[in-house]
Amino acid sequence: MRVLSWNINGIRRILGNYKSCEEFVRGLEADIVCFQETKAFKSALGASQVSFDTFQSYWSFCHSNRSYSGVCVYSKETPLAVEEGLSGGYTTFSVSIPQLSDEDKLKPLANIHSYNQETLLGQNYHPDFTNVKQLDTEGRALCLDYGMFVLINVYCPAEGDESRVKFKKSFHELLFERIRILKEGGRQIILLGDINIAHRAIDHCDGLELTRTDIGKMEFETKYTRQWMDKLVSDDNSPLVDIMRLFHPTREGMFTCWNQLINARPSNYGTRIDYVLITPGLIPWVKEADIAPSVYNSDHCPVFIDLHDSIPDPHDDTKVLHLKDYLSKPKGAALPPLCASNWDEFNGKQTSLSSFFQPGIKKISPSRSLSRSTTPKNHRDQPQIESFFQPRGRTNSGDHNNPANPTKKQKVDNDKTIKSAWKALMAPKRVPKCKVHNEDCREYTVNKPGPNKGKKFWLCSRNVGPGYDAGGSKRNRADVDSRYRCNFFVWSSHLERDMSGIEDYKSDKQ
Ligand SMILES: [Zn+2]
C-alpha cells in the first residue's frame, strides 16, 4: 500500500494538465493521496473532483480571507473518523486505539477523547493565541483515523514576516502536542506533508556553504524551526522518525522543493521540506520511503512510503500480520461525516452544482454561454495594430472633408512608421548575451503580483547552483561560483527599445 504526499501548489491549476481529476489522482498510483496547498474553495469543486470510483476525499479549506493553503486526502481506504484541523475545534473524532476486533476499533479511548485545550496546549503554547481554533482557520491540517494509525496531513506555515512568527510557533507546538498526546494514548502516527523546514544541512542546497564555519553551523542548527524538528524526530524522546532519511541516510540532493522563479529544478538546487514522519512502531511495516522527483507540475515533488501487505508477527514468529486486517472498516459503518460525498452539494440536497462538472465537459458559466449566443462584438472594438503606432494628435481617417487630412509627405512618413513598427514586431527576438559567460540569455516573465506582473526580463541562461550569483547583497563576491548563473539582468522592454524599427525610420529620415 502506498501513502503519498504532495504539495500541488493549486489544484485547479494542476488539473489543467490532466484530462480529469480521476486521471490525475490515479496516475499517482497510491492508495492514500495527501495534497497540500490545494488553494481551492468548496464552491469551486465539482462532484467529479471530490469522489470517483474507489476514491473518497476529505478536505480542509481556508476559513479566513487568505486564499492560499488548503489540504485534502483522497483515500481508497475508509477511515474510522476524520477531523479537520489539529485542535479538534472544528470537528472532533472519537479516537480509538489500534484494536483488531471490529467492535473494539470504534471504542473511544477515554483519556484521549477527553482532552481539552489546556491539556492539548501544555506549557509550550504561545499565550497570544487565546483561542486554539484560530490556528485551524487556514485549512492546514486533516487528521484521519485508520485504526492501525492516525494519519495527519499537514501544511505547516512557511517562513513569513515577523507578524506570522507567533502563528507559526503556536501551530508547531499544537502539532507537536497533538502527536505527543496521540502517542501517549498508544496510537501509531503517520505525519506527512509540507513541513516547510529543511531539517539538516544535507536537506538544503546551500547546506554545506551555510555550515562551513562554526558560527554558520551554530546559526543553522539553532534556528527555531530546526530545533522544533529535532524535538519531533531526533531527540531521544522524539515521538517520530524521519523514515525517508532512515531509508536513505546519506543520500545527497534528496530535495522535494525548488524555487521556480530562478528555475532551480534543472540543476536540483532545492530543499527537502516535504516529509513522511512515523512512529517507530510502524517501521517494520515500511517497505520503502522515498521522493518522486520525476513527477512535475508543481514546485514540489511527491514523497511517499510503501507499506508491506503482510509482515511476520514481531511477538510470535509462527504468525503473519496482514495490513488489510488492520485497515478494514467494520461492515455497515457509515462514511465519516467529513467525507466530501456527504456534502450537501453532492448528496441530493443541492444538485445544481454538479451539473456543471460532468466528466469531460468543460465548465461553462451561464453568463458566458449567453454572451456566445448574442452577436459577436464589432471588430472595431478590437484595437488595430496601426493604432498603437499612430503619431499622437493626428488622425488617419482618410476623410476628405477632414481639415486634418494628411499631406502627401505626412502620409509617406506615416506609412513608413507603420511599416517599420511592423518590421520591429515581426523581427526575430534579439537574445542578449550575459556579461560573465557571454552566452545567450533566457527570457522570463514576472509572475509575482505587483506593478511588474507580466513584465518580461532576461537572465543568464545557466542553471542556478551552490554559489550562483544572486546579486551582491545576497552573496559575498568571493563566494560566487562562476560555473552557475551570473547576475546579468535586463528588462525586455529596454532591449526592444534599442532595436525597434523606429530606429530604422529615424535613420531613413537623416
Ligand atoms: Zn552568465
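Residues numbered from 1 in each chain as written. Predicted model: local features only at pLDDT ≥ 70, side-chain atom pairs only at ≥ 80, totals over all residues.

1. Re the overall build of the chain
For step 1, the next point in the chain: When you go through the chain residue by residue, the secondary structure sums to 16 helices and 19 strands.
For step 2, the next point in the chain: Within the span of the chain, comprising 510 residues, buried residues form 32% of the whole.
For step 3, the next point in the chain: Taking as baseline every contact in the chain between residues at least 6 positions apart, the subset at least 24 positions apart corresponds to 66%. (Helix = DSSP H or I, 4+ residues; strand = E, 2+ residues; numbered from the N terminus. Buried ≥ 20, exposed ≤ 12 C-beta atoms within 10 Å, placed from the backbone. Contact = placed C-beta atoms within 7 Å.)

2. Some words on the sheet that holds strand 1 (residues 2–7)
For step 1, the next point in the chain: Strands sit in the order 3-4-2-1-14-13 across an open sheet of 6 strands; the sheet is mixed. Only two strands of the sheet have a single partner each, and these edge strands are strand 3 (56–60) and strand 13 (286–291). Averaged over all pairs of adjacent strands, the angle between their axes in this sheet comes to 10°, without regard to strand direction.
For step 2, the next point in the chain: Of the strand pairs in this sheet, strand 1 and strand 14 (residues 303–307) are connected by 4 bridges, and their pairing is antiparallel. Counted as the bridge partner of Ser-5 is Val-303 from strand 14. (Pairing = 2+ DSSP bridges. Axes fitted to C-alpha atoms, helices over the stretch in contact; angles between N-to-C directions.)

3. Things to note about the nonpolar core
For step 1, the next point in the chain: Tyr-58, Ile-189, Val-276 and Leu-277 are the most contacted members of the largest nonpolar core, which has 91 residues in total.
For step 2, the next point in the chain: No other element matches the 6 residues that helix 7 (residues 165–184) contributes to this core.
For step 3, the next point in the chain: Counting residues in hydrophobic clusters, the runner-up holds 7 residues, among them Cys-434, Cys-441, Trp-458 and Phe-488. (Core = buried A, V, L, I, M, F, W, Y, C linked by C-beta atoms within 7 Å.)

4. Points about unusual backbone geometry
With glycine set apart, most residues show a phi of negative sign, and most peptide bonds adopt trans.
For step 1, the next point in the chain: Positive phi, close to 50°, is recorded for Lys-39, a residue that is not glycine.
For step 2, the next point in the chain: Structurally, Lys-39 is set in the loop between strand 2 (32–36) and helix 3 (47–50).
For step 3, the next point in the chain: The backbone of Asn-438 sits at a positive phi, close to 55°, despite the residue not being glycine.
For step 4, the next point in the chain: Structurally, the position occupied by Asn-438 is in the loop between helix 14 (408–426) and strand 17 (441–445).

5. Things to note about the UniProt feature "site: Transition state stabilizer" (unreviewed entry) in the chain
For step 1, the next point in the chain: Those places that UniProt annotates as "site: Transition state stabilizer" (unreviewed entry) correspond, in this numbering, to Asn-196.
For step 2, the next point in the chain: One can find Asn-196 in the loop between strand 8 (189–194) and helix 8 (207–210).
For step 3, the next point in the chain: Judged by the 22 C-beta atoms lying within 10 Å of it, Asn-196 is buried.
For step 4, the next point in the chain: The contacts of Asn-196, once residues within four sequence positions are left out, are Cys-156, Pro-157, Ala-158 and Ile-273. (UniProt positions renumbered as here; feature names shortened; annotations may be inferred.)

6. As for the pairing of strand 7 (residues 150–155)
For step 1, the next point in the chain: Of all 6 residues in strand 7, 6 are buried; the element is thus mostly enclosed.
For step 2, the next point in the chain: Of the two faces of strand 7, the one carrying Val-150, Ile-152 and Val-154 and the one carrying Leu-151, Asn-153 and Tyr-155 are both buried.
For step 3, the next point in the chain: As judged from the 5 bridges shared by strand 6 (residues 141–145) and strand 7, these two strands associate in the antiparallel manner. Looking at the pairing, Leu-142 lines up with Asn-153 of strand 7.
For step 4, the next point in the chain: Where strand 6 folds back on strand 7, the antiparallel hairpin that results is connected by 4 residues, among which Gly-147 adopts a positive phi of roughly 80°.
For step 5, the next point in the chain: In this sheet, strand 8 lies alongside strand 7 in parallel orientation, the contact comprising 6 bridges. Bridge pairing links Leu-151 to Ile-190 in strand 8.
For step 6, the next point in the chain: Considered for its hand, the β-α-β crossover made up of strand 7, helix 7 and strand 8 is right-handed. (Right-handed = clockwise from strand over helix to strand, strands pointing away.)

7. Here we look at the sheet that holds strand 19 (residues 489–491)
For step 1, the next point in the chain: In spatial order, the strands read 17-18-19; together these 3 strands make up an open sheet with antiparallel pairing. The open sheet has two edge strands, strand 17 and strand 19, and neither has a second partner. Averaged over all neighbouring strand pairs, the angle between strand axes comes to 25°, with direction disregarded.
For step 2, the next point in the chain: Examined bridge by bridge, strand 18 (residues 456–460) and strand 19 share 3 bridges and lie antiparallel to one another. In the sheet register, Leu-459 faces strand 19, and the bridge partner there is Phe-489.

8. Remarks on the pairing of strand 14
For step 1, the next point in the chain: Burial analysis of strand 14 places 4 of its 5 residues in the buried class, which makes it a mostly covered element.
For step 2, the next point in the chain: Across 5 bridges, strand 13 lies against strand 14 in antiparallel orientation. Paired with Ile-291 across the strands is Val-303, a residue of strand 14.

9. Describing the confidence of the model for the chain
For step 1, the next point in the chain: The predicted model of the chain averages 77 in pLDDT, with 71% of residues at 70 or higher.
For step 2, the next point in the chain: Within the model, the stretch residues 91–116 combines pLDDT values under 50 with 50 contacts to residues more than four positions away or in other chains.
For step 3, the next point in the chain: Note that residues 351–404 has pLDDT below 50 and, in this model, 32 contacts with residues that lie over four places away or in other chains. (pLDDT = per-residue confidence, 0-100.)

10. Brief notes about the environment of Tyr-269
For step 1, the next point in the chain: Following the sequence through the fold, Tyr-269 ends up in the loop between strand 10 (257–258) and strand 11 (270–271).
For step 2, the next point in the chain: Of the residues examined, Tyr-269 has 22 C-beta atoms within 10 Å and is grouped as buried.
For step 3, the next point in the chain: In this structure the C-alpha to C-alpha distance between Tyr-269 and Asp-206, which are 63 residues apart in sequence, comes to 8.3 Å.

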